[in-house]
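# Overview (structure and organization)
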Amino acid sequence: MVARTPTHRIRRSADKDPDSSWDVSTETIDDTRGNPSDHTSFSPLTGQEDQWWRHAVVYQVYLRSFSDGNGDGQGDIAGLRARLDHVESLGVDAIWVNPWYESPLNDGGYDVADYRSIHPLFGDLGEARALIEESRRRGIRVIADLVPNHTSSEHAWFQAALAAPEGSVERSRYHFRPGRGVEGERPPNDWQSVFGGPAWSRVADGDWYLHLFDVTQPDLNWSNEEVREEFLSILEFWLDLGVSGFRVDVAHGKSKHPDYQDVGGVVDHLDPAWASGGHPTWDRTEVHEIVRDWRGVVDRYPGAMLVAEAWVASWDRLARYLRPGEYHQAFDFLFLQSPWDAESMRSRVDEAVEATMSVGATPTWALSNHDVVRHLTRYALPGDVDAGEWLLGGDRDLLDLDLGRRRARAAVLLTMALPGSVYIYQGEELGLPEVHDLAPQVLDDPVWRTSGHTRKGRDGCRVPIPWTRGGSSYGFGTGGSWLPQPPEWGRLSVEAQNTEKHSMLHLYRRAIDLRRRLLGADLTFAWLQAEADALSYKHGQIVSIVNFGSRPLDLPEGEVLLLSAPLEGGRVPVDGAAWIHAPGHVSPVK
Ligand code: NOJ
């Protein structure tokens, strides 16, 4: 059956309506994949859509900041369940939920005290199961977040290790080492924590333990068979509960060189000196064996997948994680970190497409997540300003949020038609900027403390999101919000944007809907001829053109499907983008 759905055609003639450059006439396009704008027509998941992740849109939920169901100022599973209509209205295929386990929450839940329970702040296992089932009925999968590099120091294993003597079985699950110096008073080596400061802390009997992140996140010893077995069982536990896979935290971590040698002056593992492996703690060959073991469990569950969070030096290294029998996907931080610049974006797209396809995987595209400055704010700053450093007190006049918003809208059209999957971080569909002016006393991220206040941390992208124009915490909950929201949050709320014809929210919904209908599973992607400072490509039935330059661009021939901004004299404005319907063949350039 061929469904026919209205689409947009731009009126090129002058029109009195000031809004005319956005206007549409009713056209139809062929739709061979059903009509996904009618979300109730999604078929419930059957488990047969085995490779769904290859072309999916995944929505990242930072639970604590999504929606608060019980009025305690903290987001929770009940809040998420109550807002599933919003998630479904976006048309996404899956939700990735950041860690929801029992935890002291010293690192936003990436410090897990019990891998088989839900933090009472967030709900319980019954609620998690209900979330998975309700989502599934709506055609949406749930992906959990697995944290295998370290536990919390409150985990029963670490507590047992503290109570046990040096050299005990309990300590062998972690990395306990004697110190250097006459009294063992210096750390065993020069390794540094990612959050700042030494990666070793000393316990009462004089032994030292390794923590590559916070002092409350001791690293597990993955040479220990019991650790390996335990994680196979944890995978099984959640897959049995119904999750469709895992985002794997620090996938490039876990394994450590048994000699614990110094790294010398080259502390940063992304330094070119380490580019081809050989670092004692990161991106080691052994991590590949671990994921191959995991696949033995995961592959028993149809449609289950693993997506790697791996910060490695190059695509050469990252592609190794995507070889058959390893991760199904990996995040592309090179693309995420690209400046707003045609050449850079293009080369990062090329690298990702080539590298993933060379191993039979598909790329992923993300612009933001819970660890980075929101992209709208990054794009609002001059290209030579490091957003992370700027947060600490950089010149506020450098921030041009209108510019950031225009670029963030164009970035939707840049990324959503690329081959592969898209990961959306909650709130980007509302065009939320980073909250850059959080007062030091409300900061919760251990990075702020551990770095000795030289890095502000990630709280600014984790501020609870707004649902309504007014009310307590703009609809986030009835009891305030754990981080303060800026006063303009109401204008950016879902409620406000639902009634605005050209809101960011509608742009996301429309782009996801078109992507679903017009891209299909085919990966034929080609760059098209474009002016300097512009990018244009064709994938499926969509031609995307993005203007990174300083003057408006001619619009390619064809039916206009979507615009990030009104045309200027029939042309794509600076920092704007357009999608054109291209059902036939278009000659690529190389
Ligand atoms: C990566 C996570 O995304 C981040 O939030 C966390 O702090 C570290 N891994 C440590 O688990």
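Above this text you will find the structure in question.
Presented here is an overview of the structure given in this document. In this convention, every chain numbers its residues from 1, walking through the sequence in written order. Under the rules for a predicted model, residues below a pLDDT of 70 receive no local features and side-chain atom pairs below 80 are neither given nor counted, while totals for whole chains, interfaces and linings still include all residues. Heavy atoms throughout the structure, all of them, feed into the side-chain values; hydrogens and water do not.

## Examining the overall build of the protein
Regarding its fold elements, the protein presents 15 helices and 20 strands. When accessible area is computed with a 1.4 Å probe and restricted to protein chains, residues below 20% of their type maximum are described as buried, those above 50% as exposed, and intermediate ones as partly exposed. Counting all 590 residues of the protein, 60% fall into the buried class. Here the open area of atoms and residues is found with the Shrake-Rupley method and a 1.4 Å probe, where only the protein chains shown may cover a residue. For the protein, the accessible area works out to roughly 22,200 Å², and carbon and sulfur atoms hold 50% of it. In this tally, Asp and Glu contribute negative charge and Lys and Arg positive charge; neither His nor the terminal groups of the chain are included. Charge positions are represented by NZ for Lys, CZ for Arg, CG for Asp and CD for Glu. Once the 59 positive and 87 negative side-chain charges of the protein are each reduced to a mean point, those two points are 4 Å apart. Only runs of H or I of at least four residues qualify as helices and only runs of E of at least two qualify as strands under DSSP, and these elements are numbered from the N terminus.

## Points about the site of the ligand
Lining the immediate environment of the ligand, one finds 13 residues, of which Asp107, Arg247, Asp249, His370 and Asp371 sit closest. As used in this structure description, the phrase polar contact means that two N or O atoms lie within 3.5 Å; if the pair is within protein, one of them must be able to donate a hydrogen and the other to accept it, and residues adjacent in sequence are counted only when both atoms belong to side chains. Here an oxygen atom of the ligand sits 2.6 Å away from a polar atom, N or O, in the side chain of Asp107. At a separation of 2.9 Å, an oxygen atom of the ligand approaches a polar side-chain atom of Arg247. Contact with the protein chains hides 97% of the accessible area of the ligand, taken as 300 Å² for the molecule alone. We call a residue near a molecule or strand as soon as one heavy atom of that residue lies within 4 Å of the molecule or strand.

## Quick look at the environment of Ala204
Structurally, Ala204 can be placed in the loop between strand S9 (200–202) and strand S10 (208–210). In this structure, the C-alpha to C-alpha distance between Ala204 and Tyr474, residues 270 residues apart in sequence, is 47 Å.

## Things to note about the pairing of strand S19 (residues 559–563)
Burial analysis of S19 places five of its five residues in the buried class, the great majority of the element. A pair of strands is treated as paired once DSSP finds two or more bridges between them. Bridge count between S19 and strand S20 (residues 577–581): four bridges; the pairing is antiparallel. Its bridge partner being in S20, Glu559 is matched across the sheet by His581.

## Let's talk about the environment of Arg449
Of note, Arg449 is situated in helix H13 (residues 446–450). A relative accessible area of 47% places Arg449 in the partly exposed class. Distance in space between the C-alpha atoms of Arg449 and Pro419 is 40 Å, their sequence separation being 30 residues. There is a polar contact of 3.4 Å between the side chain of Arg449 and the side chain of Asp214.

## Considering unusual backbone geometry
Unlike most non-glycine residues, Val250 shows phi in positive territory, near 50°. Its relative accessible area of 3% is what places Val250 among the buried residues. Although it is not a glycine, Tyr474 adopts a positive phi angle of roughly 50°. Inspection of the secondary structure assignment puts Tyr474 in the loop between H13 and helix H14 (494–498). Residue classification places Tyr474 among the buried residues on the basis of a relative accessible area of 17%.

## A word on the sheet that holds strand S16 (residues 525–527)
With antiparallel pairing, five strands are arranged side by side in an open sheet as S16-S17-S18-S20-S19. Two strands close off the open sheet at either side, each with one partner strand: S16 and S19. Strand-to-strand, the axes of this sheet are offset by a mean angle of 25°, without reference to chain direction. Strands strand S17 (534–539), strand S18 (542–547), S19 and S20 of the sheet are contacted by helix H12 (residues 401–415), whose axis makes an angle of about 35° with S20. Whether two residues touch is decided by their heavy atoms; if any such pair falls within 4.5 Å, the residues are in contact. Only the contacting stretch of a helix is used when fitting its axis, a line to C-alpha atoms as for every element, and angles between N-to-C directions run 0 to 180 degrees. The strands touched by helix H15 (residues 504–518) within the sheet are S18, S19 and S20, with S19 carrying the most contacts at an inclination of about 140°.

## A closer look at helix H6 (residues 286–298)
Working rule for helices: expected span equals 1.5 Å times residues minus one. Its 13 residues give H6 an end-to-end C-alpha distance of 19 Å, which sits within 8% of 18 Å, the value for a rise of 1.5 Å per residue. Those residues of H6 that fall on the buried side of the exposure criterion are Val287, His288, Ile290, Val291, Trp294, Arg295, Val297 and Val298. Along the long axis of H6, the arc covered by the buried residues comes to 155°, so they all point the same way. The inward-facing, buried residues of H6 contact strand S7 (141–146), helix H5 (225–241), strand S11 (245–248) and strand S12 (305–308). Think of the arc as the fan of directions from the helix axis to the C-beta atoms.

## Focus on the environment of Thr524
Inspection of the secondary structure puts Thr524 in the loop between H15 and S16. Each C-alpha atom, one on Thr524 and one on Lys538, is 8.1 Å from the other, the two residues being 14 residues apart in sequence. Apart from the residues within four sequence positions on either side, Thr524 is in contact with Lys538, His539 and Gly540.

## Notes on the nonpolar core
Core analysis: the biggest nonpolar cluster contains 147 residues, and Trp100, Phe246, Trp294, Tyr327 and Trp579 have the highest contact counts within it. Nonpolar cores are built from buried Ala, Val, Leu, Ile, Met, Phe, Trp, Tyr and Cys residues. Side-chain atoms within 4.5 Å join them into one set. Within the second largest apolar cluster, 14 residues are counted, among which are Trp200, Leu212, Tyr260 and Trp282.

## Things to note about H15
Between its first and last C-alpha, H15 extends 21 Å over 15 residues, near the 21 Å set by a 1.5 Å rise per residue. Gly520 occupies a position one or two residues after H15 and carries a positive phi of about 65°.

## Comments concerning the packing of H5 against H6
For the pair H5 and H6, interaxial distance at closest approach is 10 Å and the crossing angle is 35°. Taken as a pair, H5 and H6 cross one another with a handedness that is right-handed. Between H5 and H6, the residues in contact are Arg228, Phe231, Leu232, Leu235, Glu236 and Leu239 and Glu289, Ile290, Asp293, Trp294, Val297 and Val298, respectively. Charged means Asp, Glu, Lys or Arg here, nonpolar means Ala, Val, Leu, Ile, Met, Phe, Trp, Tyr, Cys or Pro, and polar covers whatever is left, Gly included. Residue classes in the contact of H5 with H6 are distributed as eight nonpolar, no polar and four charged. It is the rotation of the near helix from the far one that decides the hand of a crossing: anticlockwise by less than a right angle makes it left-handed, clockwise makes it right-handed.

## Structural notes on the sheet that holds strand S13 (residues 329–330)
As summarised here, the arrangement of the eight strands in space is S13-S12-S11-S7-S4-S3-S15-S14, forming an open sheet in which the pairing is parallel. Two strands in the sheet have a free side with no partner beyond their single neighbour: S13 and strand S14 (364–366).

## Quick word on the packing of helix H3 (residues 125–137) against H5
Across the interface, H3 lies against H5 with an axial gap of 9 Å and an inter-helix angle of 55°. On the basis of their axis angle, the class for H3 and H5 is oblique. Mapping the contact onto sequence places Leu125, Ala128, Arg129 and Ile132 in H3 and Phe237, Trp238 and Leu241 in H5. In the contact of H3 with H5, the residues fall into six nonpolar, no polar and one charged. When an angle is under 35 degrees it counts as roughly parallel; over 145 it counts as roughly antiparallel; between 65 and 115 it counts as roughly perpendicular; any other value is oblique.

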